[in-house]
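Residues per chain are reported as follows:
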Amino acid sequence: MCSQGVVPIVLVHARALLASTPEGRAAYLDADFRNPEGILEPEQLRETLDLGRPMAVSLIAIVQFITDDAIVQDIIDRLMRPLPAGSILALSTATADSAPEEARAGEAAYNANGIPLIARDKSTVERFFDGLELLDPGVVLVHHWHPDEEAAALDDAHVYMYGGIARKP
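Residues numbered from 1 in each chain as written. Predicted model: local features only at pLDDT ≥ 70, side-chain atom pairs only at ≥ 80, totals over all residues. Heavy atoms only, no water.

Chemist: Just to check I follow, could you spell out the layout of surface pockets for this structure?
Modeler: To find the voids left in a structure, one rolls a probe of water-molecule size over its atoms. There is about 390 Å³ of room inside the largest pocket. As for the largest pocket, its lining consists of 17 residues, and the residues nearest its centre are Ile39, Val57, Ser58, Leu59 and Leu79. In terms of residue count, the dominant contributor to the lining of the largest pocket is strand S1 (residues 56-60) (5 residues). Among the residues making up the lining of the largest pocket, the classes are represented as 15 nonpolar, 1 polar and 1 charged. Estimates place the volume of the second largest pocket at around 150 Å³. Class assignment for the residues of the lining of the second largest pocket results in 7 nonpolar, 3 polar and 1 charged. (1 Å grid on protein atoms, 1.4 Å probe; cavity = no way out; pocket = protein on both sides within 12 Å on 5 of 7 lines; lining within 4 Å. Points joined across faces, edges and corners; volume = space filled by probe spheres on them. Helix = DSSP H or I, 4+ residues; strand = E, 2+ residues; numbered from the N terminus. Nonpolar A, V, L, I, M, F, W, Y, C, P; charged D, E, K, R; others polar.)

Here it is in structure tokens:
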């Protein structure tokens, strides 16, 4: 429930769409990304996923909305710590490295509208994978991560995100 006592519309739709079947289980958690224990501890999660088996944590286009690198690293560490070896972290985040003027303008527009956003450089993004084994090709502009023909043809100046995937040893 929201602080106003109203169920978010996405939760209403999720409950309708994620009705479990004998072929598999699905669940929707209404949780705050900044509180990993609120994601990992609910019984509903443990009833749906076997936390003893490797799994993937997908942080696609979310960490750019947390502007403090130390907080992002803490969240990643707290999400990955209880997961077994072989678990995967997939992460992408905004960057200004490929087109500084355009990306900084986008960053400024978000911030001017009250939505905190930060574009990070490659070395900062690489540090988010500390303690994990980065998979080839490492942290790259997302269109370079095992691209198909169409993605390979994109000019780097039109891509404002780094991405990478790593395995927990």
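Chemist: In this structure, what is going on with the pairing of S1? I would like to understand it.
Modeler: Remember that side chains alternate between the two faces of the sheet whenever the strand is regular. Where burial is concerned, the two faces of S1 differ: the one with Val57 and Leu59 is buried and the one with Ala56, Ser58 and Ile60 is not. In terms of strand pairing, S1 meets strand S2 (residues 88-94) through 5 bridges, oriented parallel. If you follow Ser58 over to S2, its bridge partner there is Ala90. Following the backbone out of S1, through helix H4 (residues 69-80) and into the adjacent parallel S2, one traces a crossover that is right-handed. (Buried < 20%, exposed > 50% of the residue type's maximum accessible area, 1.4 Å probe, protein only. Pairing = 2+ DSSP bridges. Right-handed = clockwise from strand over helix to strand, strands pointing away.)

Chemist: Is there a simple way to explain a nonpolar patch on the surface in this structure?
Modeler: Side chains of Ile9, Val10 and Val12 sit close together on the surface and give an oily, nonpolar patch of about 270 Å² of accessible area. Judged by its relative accessible area of 42%, Val12 is partly exposed. (Patch = residues over 30% accessible without salt bridge, like charges linked within 9 Å, V, L, I, M, F, W, Y side chains within 5 Å. Areas by Shrake-Rupley, 256 points an atom, 1.4 Å probe, with all protein chains shown as cover. Salt bridge = Lys/Arg side-chain N within 4 Å of Asp/Glu carboxyl O.)

Chemist: I would appreciate a short explanation of the pairing of S2 in the present structure.
Modeler: Counting buried positions over the 7 residues of S2 gives 7, a clear majority of the element. With burial as the criterion, each face of S2 is covered, one bearing Ile88, Ala90, Ser92 and Ala94 and the other bearing Leu89, Leu91 and Thr93. Where S2 meets strand S5 (residues 161-167), 7 bridges bridge the pair, whose relative direction is antiparallel. Across the sheet, residue Leu91 finds its bridge partner in S5, namely Gly164.

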